[in-house]
Amino acid sequence: MSRAEDTEKKIKKLKDVEISVPIVYGNISFWLGKKANEYQSHKWTVYVRGATNEDLGVVIKRAVFQLHSSFNNPTRVVESPPFELSEAGWGEFEIAITLYFQSDVCDKPMNLYHHLKLYPEDESGPMSTKKPVVVESYDEIVFPEPSEGFFARVQSHPAVTLPRLPAGFTLPPVPVEDASKRKRGDTKDHPLSQWFMNFSEADELLQLAAARQQVQAHIAKLRRQISLIDGQHQQLKSTSDQ
């Protein structure tokens, strides 16, 4: 058996279970006003944050932001939360964001794409150095059949939406998390947080995710019942054939 196969065998998966992580990604840009020049008219920050501004480090290991080729070192790697990048420039362009997850979460990275927005929609109006342009998108990362270790580790983490496990199901113990360490990566007190958008649809989407998880749990229960009935049927058939 190869090492990869051996590792896969040791990682126990939770069947018919999903973990979802609501995120927001986008940018905030400020016009520099009198400080603006031909090459730097705006200062901007692009980021990936938790939908409730909680620390995403429990799920995401690193984020890679691919900027326009005109920037020095256009591939920027952020190794810890908050996952953000600040720069200055004059042009709008598409930023590719690649999220790499913790080892017990997912092996495959996730790609997001955000078009950097510097100028307001109403370009005829006056620009302000105090009121930024804010463009954000809401998304939900879903992890089907998570590992037991991942599920146990995020049981009480507010950035993660978890389904209910069957009664009597026990998870492996995990070390007690240092709450202060978790808060280091959140964006609740971020200097730009006053400009973050509130997504009214976020609560509705979370409710839909919870409902979907309940449906899947019900389907799993029905499958077990069908399997039990099939087993009893086969047993009765074998008895009648004798």
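Rules of the game
Starting from 1, residues in each chain are numbered consecutively following that chain's sequence as written. The predicted origin of the model limits local features to residues at a pLDDT of at least 70 and limits the giving and counting of side-chain atom pairs to 80 or more, whereas totals for whole chains, interfaces and linings rest on all residues. Hydrogens and water are ignored here; the side-chain numbers use all heavy atoms of the structure. Working definition: helices are DSSP H or I runs of at least four residues, strands are E runs of at least two. Numbering for both runs from the N terminus. Only protein chains enter the accessibility calculation, which uses a 1.4 Å probe. A residue is then buried if its area is under 20% of the maximum for its type, exposed if over 50%, and partly exposed in between. By definition, residues are in contact when any of their heavy atoms lie within 4.5 Å. Using protein atoms alone on a 1 Å grid, points that fit a 1.4 Å probe yet trap it form a cavity, whereas open point sets bounded by protein on both sides within 12 Å along at least five of seven lines form a pocket; residues with an atom within 4 Å of a point count as lining. Grid points are joined across faces, edges and corners, and a volume is the space filled by probe spheres set on the points. The rule for pairing is simple: two strands pair if DSSP sees at least two bridges between them. Interaxial angle, 0 to 180 degrees, is taken between N-to-C directions of lines fitted to C-alpha atoms, where a helix line uses only the stretch in contact. Each aromatic pair joins two rings of Phe, Tyr and Trp (for Trp, the six-membered one) with centres within 6.5 Å, and gets the label stacked for planes under 30 degrees apart, edge-to-face for over 60, and tilted for any other angle. Our definition puts a charge over a ring when NZ of Lys or CZ of Arg is within 6 Å of the ring centre and also within 35 degrees of the ring normal.

## Comments concerning the overall build of the chain
Along the chain, the regular secondary structure elements total 4 helices and 8 strands. For the chain, the succession of helices and strands along the chain, N to C, is α-β-β-β-β-β-β-β-β-α-α-α. Within the span of the chain, comprising 242 residues, buried residues form 36% of the whole. Put simply, 70% of the contacts in the chain that link residues at least 6 apart link residues at least 24 apart.

## Things to note about empty space enclosed by the protein
Taken as a whole and assessed by the stated rule, the structure comprises 1 cavity of 30 Å³ or more. Size it by volume and the largest cavity reaches roughly 40 Å³. Lining the largest cavity are Val-48, Arg-49, Gly-50, Glu-54, Leu-56, Pro-81, Pro-82, Phe-83, Gly-185, Asp-186 and Thr-187. In terms of residue count, strand β2 (residues 42-50) provides more of the lining of the largest cavity than any other element does, 3 residues in total.

## Here we look at the environment of Pro-120
Looking at the element boundaries, Pro-120 is found in the loop between β7 (110-115) and β8 (133-144). Remark: the alpha-carbon pair of Pro-120 and Val-134, spanning 14 residues in sequence, is separated by 8.8 Å. The contacts of Pro-120, once residues within four sequence positions are left out, are Met-127 and Val-133.

## Topic: the environment of Val-58
Mapped onto the secondary structure, Val-58 falls in the loop between β2 and β3 (60-66). Put simply, Val-58 and Gly-185 are 127 residues apart on the chain and 9.5 Å apart in space, counted from C-alpha to C-alpha. For Val-58, the contacting residues outside a window of four places in its chain are Gln-102, Val-105, Arg-153, Val-154, His-157 and Val-160.

## Points about the sheet that holds β7
With antiparallel pairing, 4 strands are arranged side by side in an open sheet as β4-β3-β6-β7. Two strands close off the open sheet at either side, each with one partner strand: β4 (75-78) and β7. The mean angle between the axes of side-by-side strands here comes to 20 degrees, regardless of whether they run parallel or antiparallel. Bridge analysis of β3 against strand β6 (residues 94-101) gives 6 bridges, and the strand direction is antiparallel. When the bridges of β6 are listed, Val-64 appears paired with Thr-98.

## Observations concerning the sheet that holds β2
Within a sheet, neighbouring strands are paired by backbone hydrogen bonds and run either parallel or antiparallel to one another. Taken in spatial order, the 4 strands of this open sheet run β5-β2-β1-β8, and their pairing is antiparallel. If you trace the sheet from one side to the other, it starts and ends with β5 (83-89) and β8, each paired once. Neighbour-to-neighbour, the strand axes of the sheet open up by a mean angle of 15 degrees, direction not taken into account. Summarising the sheet, strand β1 (residues 18-31) and β2 pair through 9 bridges and their orientation is antiparallel. Within β2, the residue paired with Ser-29 across the bridge is Trp-44.

## Quick notes on the pairing of β6
Regular strands place side chains that alternate from one sheet face to the opposite one. Pairing between β6 and β7: 6 bridges, direction antiparallel. Residue pairing for β7: Glu-94 is matched across the bridge by His-115.

## What about the packing of aromatic side chains?
In total, this model carries 6 aromatic pairs according to the counting rule given. Taking 5.6 Å as the distance between ring centres and 50 degrees as the angle between the ring planes, the aromatic pair formed by Phe-71 and Phe-93 counts as tilted. Of this pair, Phe-71 sits in the loop between β3 and β4 while Phe-93 sits in the loop between β5 and β6, and the two are 22 residues apart along the sequence. Its relative accessible area of 14% is what places Phe-71 among the buried residues. Look at Phe-93 and you get buried, because its relative accessible area is 9%. For Arg-49, the ring lying beneath its charged end belongs to Phe-196, and the centroid distance is 4.3 Å. Above the ring of Tyr-100, the side-chain terminus of Arg-62 is found at 5.6 Å from the ring centroid.

## Regarding unusual backbone geometry
Note the cis peptide between Pro-81 and Pro-82, where omega equals 0 degrees. Mapping Pro-82 onto the fold places it in the loop between β4 and β5. Its identity is not glycine, yet Asn-73 carries a phi of approximately 45 degrees, on the positive side. Relative to the elements of secondary structure, Asn-73 occurs in the loop between β3 and β4.

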